[in-house]
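# Examining the three-dimensional arrangement
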Amino acid sequence: MNQAPNTRKAFEYLAETYARFPVVVEKAQGVYVWDDNGKRYTDFTSGIAVCSLGHCNPSIVEAVKRQADKLFHISNLYWTVPQAELARLICENSFGEQVFFCNSGAEAVEAAIKLARKFGHETRGPDCYEIVCLEGSFHGRTLAAITATGQPVYQRGFEPLPDGFTHVPPNNSRALELAVGRRTAAILMEPILGEGGVRILENGFLKTARQIARDTGALLIFDEIQVGMGRTGSLFAYQQTDVEPDVICLAKALANGLPVGAMVAKKQVMRHLGPGTHASTFGGNPIACAAGIEVIKTLTDTDILERVKKIGTYLTNRLQELAKDWPDILETRGRGLIQAVEFRRPFPELASYLLERGFLVLVAHGRLLRLLPPFVIENEHIDQLVAALYDFKRQLS
Ligand SMILES: Cc1ncc(COP(=O)(O)O)c(C=O)c1O
């Protein structure tokens, strides 16, 4: 770290809720990130699935600058064109008909939970409030979102948790059938569990969820916060399945790095959140929405989604090759540009090794390498990372 003493001291004023790497990031462009020593890293995380169209993407920077000159913020008591325009683009490219804007993923999930409860109360009575979620899922860090999250590690110490959440194992249709009943307001799931290890939900399981939700009158909510916005090769991940949900939650890559979250539903569902039932001061901020408009236009008007599929296949193939040569690899899996390598045993030093070699990656518990590169990544970047992984393997023996 090459920071002046005063700046270094300032880090102590930050809450220590993150186990950070010893790197101070100064700037980024495309697939690259530079630290304050001028060292360059290739970013295989996109800021955890955020800067999917590349860091400081020029057309998005331009859109942000244009909007910043006009209007930073106005209360949601008034209309703004960027907000309406972003909502239109989301809806015209999905099943959705209306959008509630917020600022983050957890807030989008929170909004969906509130919508589900209101919908349940108003369509089936006050006892209809339960949300059935998946074990191993991740939905964010508010109290309701950690309760929906199917990983006790995020809940410990924060009890009592809100009532009304149950969890079933992913891809277990029978368990889902048993868990859903007259109290169930919604079934909530990520079509691909991201933080929970890039676990893809099977089409059959998704179809069962759709059928059960329809039969009982519950909502089917997809959390597409990590896998939406082109990450799997279609604008939304559900579009590569046979299932259409009732609600989707978006955030992360929606504005390529500016904070915005969205909860999308059909009008007849969204109408249950009437005036005064939910709100956000910053939600749908004009600058963030201007960035979002540029993101969706890029995803829909160019061939970038084809590129995600093509380069995703290349990444899959290279990782499978690595797995053949490295018996410690249990499995590689993913879709498009969300890919994972699961090891049979932990390698706690893997992330630091790759950082040293100039790669930003995500490693959970030393055992799960998750790759979420920007869509502008090239084959040669993938080759360089795979070569570093071979080197890591070599120095083990
Ligand atoms: C699937 C999913 N849902 C929700 C969230 C929470 O989003 P945020 O950190 O913006 O609140 C995340 C973040 O990683 C996520 O991956």
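Residues numbered from 1 in each chain as written. Predicted model: local features only at pLDDT ≥ 70, side-chain atom pairs only at ≥ 80, totals over all residues. Heavy atoms only, no water.

A few words on the state of the cysteines. Under the definition given, this model contains zero disulfides. With no disulfide of its own, Cys51 lies 7.7 Å from the sulfur of Cys56, the closest cysteine sulfur. The exposure class assigned to Cys51 is buried, which follows from its relative accessible area of 12%. No disulfide involves Cys91; its sulfur sits 12 Å from the nearest other cysteine sulfur, which is in Cys289. Overall, the relative accessible area of 13% leaves Cys91 in the buried class. (Disulfide = S-S within 2.5 Å. Buried < 20%, exposed > 50% of the residue type's maximum accessible area, 1.4 Å probe, protein only.)

Another aspect to go through is the side chain of Thr332. Note on placement: Thr332 falls in strand E13 (residues 329-335). Not counting residues within four places of it along the chain, the set of residues in contact with Thr332 comprises Leu319, Gln320, Ala323, Ala340 and Val341. (Helix = DSSP H or I, 4+ residues; strand = E, 2+ residues; numbered from the N terminus. Contact = heavy atoms within 4.5 Å.)

Our next topic: helix H5 (residues 105-124). Here H5 contains 20 residues, and its C-alpha end-to-end distance of 28 Å stays within 8% of the 28 Å for a straight helix at 1.5 Å per residue. All of the buried residues in H5 are Gly105, Ala106, Ala108, Val109, Ala111, Ala112, Ile113, Leu115, Ala116, Phe119 and Gly120. Downstream of H5 by one or two residues, Gly125 has phi in the positive range, about 105 degrees. (Expected span 1.5 Å × (residues − 1).)

A few words now on the sheet that holds strand E1 (residues 25-29). Spatially, four strands are ordered E1-E2-E3-E15 in an open sheet, and the strand pairing comes out mixed. Looking at which strands have only one partner, the edges of the open sheet turn out to be E1 and strand E15 (359-360). Looking at chain direction, E1 and strand E2 (residues 32-35) are connected through four bridges and run antiparallel. Across the sheet, Gln29 pairs through a bridge with Tyr32, a residue of E2. (Pairing = 2+ DSSP bridges.)

So, on to the pattern of salt bridges. Opposite charge on two side chains allows them to pair when their charged atoms are near. Under the definition given, this model contains 16 salt bridges. As a salt-bridge pair, Arg318 and Asp383 come within 2.8 Å of each other at their nearest N and O atoms. Linking Arg318 in helix H11 (residues 304-325) with Asp383 in helix H13 (residues 379-396), this pair joins segments that are 65 residues apart in sequence. By relative accessible area, which is 15% here, Arg318 ends up buried. Residue classification places Asp383 among the partly exposed positions, given a relative accessible area of 28%. What you see here is one network of salt bridges that share partners, running through Glu85, Arg88 and Glu92. (Salt bridge = Lys/Arg side-chain N within 4 Å of Asp/Glu carboxyl O.)

So, about the nonpolar core. Membership of the largest hydrophobic core comes to 77 residues, with the highest contact counts inside it found for Ile90 and Met229. When residues of this core are assigned to domains, at least three fall in each of domain 1 (5-57 + 303-396) and domain 2 (58-301). Excluding anything up to four places from it in sequence, Met229 contacts Leu235, Phe236, Leu250, Ala253, Leu254, Val295, Ile296, Leu299 and Phe375. Counting 32 residues, the second-largest nonpolar core is a separate cluster that includes Ala106, Cys133, Ala148 and Ala185. (Core = buried A, V, L, I, M, F, W, Y, C linked by side-chain atoms within 4.5 Å. Domains from an automatic or database assignment.)

So, on to the environment of Leu115. Secondary-structure assignment places Leu115 in helix H5. Residue classification places Leu115 among the buried positions, given a relative accessible area of 0%. The spacing of Leu115 and Ala186 is 71 residues in sequence and 9.5 Å in space, taken between C-alpha atoms.

Here we come to the packing of helix H3 (residues 58-68) against helix H10 (residues 286-301). Where H3 meets H10, the closest approach of the two axes is 8 Å, and the angle between their N-to-C directions is 150 degrees. Here H3 lies roughly antiparallel to H10, going by the angle between them. Between H3 and H10 lies a crossing whose hand is right-handed. The segment H3 lies against H10, with Ser59, Ile60, Ala63, Val64, Gln67 and Ala68 engaging Pro286, Ile287, Ala290, Ala291, Glu294, Val295 and Thr298. Grouping the constituent residues of the contact of H3 with H10 by class yields nine nonpolar, three polar and one charged. (Axes fitted to C-alpha atoms, helices over the stretch in contact; angles between N-to-C directions. Parallel < 35°, antiparallel > 145°, perpendicular 65-115°, else oblique. Left-handed = near helix turned anticlockwise from the far one by under 90°. Nonpolar A, V, L, I, M, F, W, Y, C, P; charged D, E, K, R; others polar.)

Structurally, Asn57 is set in the loop between helix H2 (46-49) and H3. Looking at Asn57, the relative accessible area reads 14%, which means it is buried.

Bringing the site of the ligand into the picture now. Around the ligand, a shell composed of Ser104, Gly105, Ala106, Phe138, His139, Gly140, Glu190, Asp223, Ile225, Gln226 and Lys252 is seen. Separating an oxygen atom of the ligand from a backbone N or O atom of Ala106 is a distance of 2.8 Å. Between an oxygen atom of the ligand and a side-chain N or O atom of Lys252, the distance comes to 3.2 Å. For the ligand, the protein covers 80% of the area, taking 390 Å² as the surface of the free molecule. For the shell around the ligand, the per-class residue count stands at three nonpolar, five polar and three charged. (Near = heavy atom within 4 Å. Polar contact = N/O pair within 3.5 Å; in protein donor to acceptor, adjacent residues only side chain to side chain. Areas by Shrake-Rupley, 256 points an atom, 1.4 Å probe, with all protein chains shown as cover.)

On to the domain arrangement of the chain, then. Split into domains, the chain comes out as domain 1 (5-57 + 303-396) and domain 2 (58-301). In this structure, domain 1 and domain 2 have C-alpha centres spaced 26 Å apart. On the side of domain 2, 28 residues touch domain 1, which itself brings 28 residues to the contact. Taken together, both faces of the contact between domain 1 and domain 2 bury some 2,400 Å²; the carbon and sulfur share is 60%. (Buried area = accessible area lost by both parts, 1.4 Å probe.)

So, about the sheet that holds strand E14 (residues 338-343). Overall, antiparallel pairing links the four strands, which are arranged E13-E14-E17-E16 in an open sheet. The open sheet is flanked by E13 and strand E16 (362-364), the only strands paired with a single partner. The sheet shows a mean angle of 15 degrees between the axes of neighbouring strands, direction not considered. Both E13 and E14 contribute to a ladder of six bridges, which runs antiparallel. Residue Gly334 lies in a different strand from E14, and its bridge partner there is Gln339.

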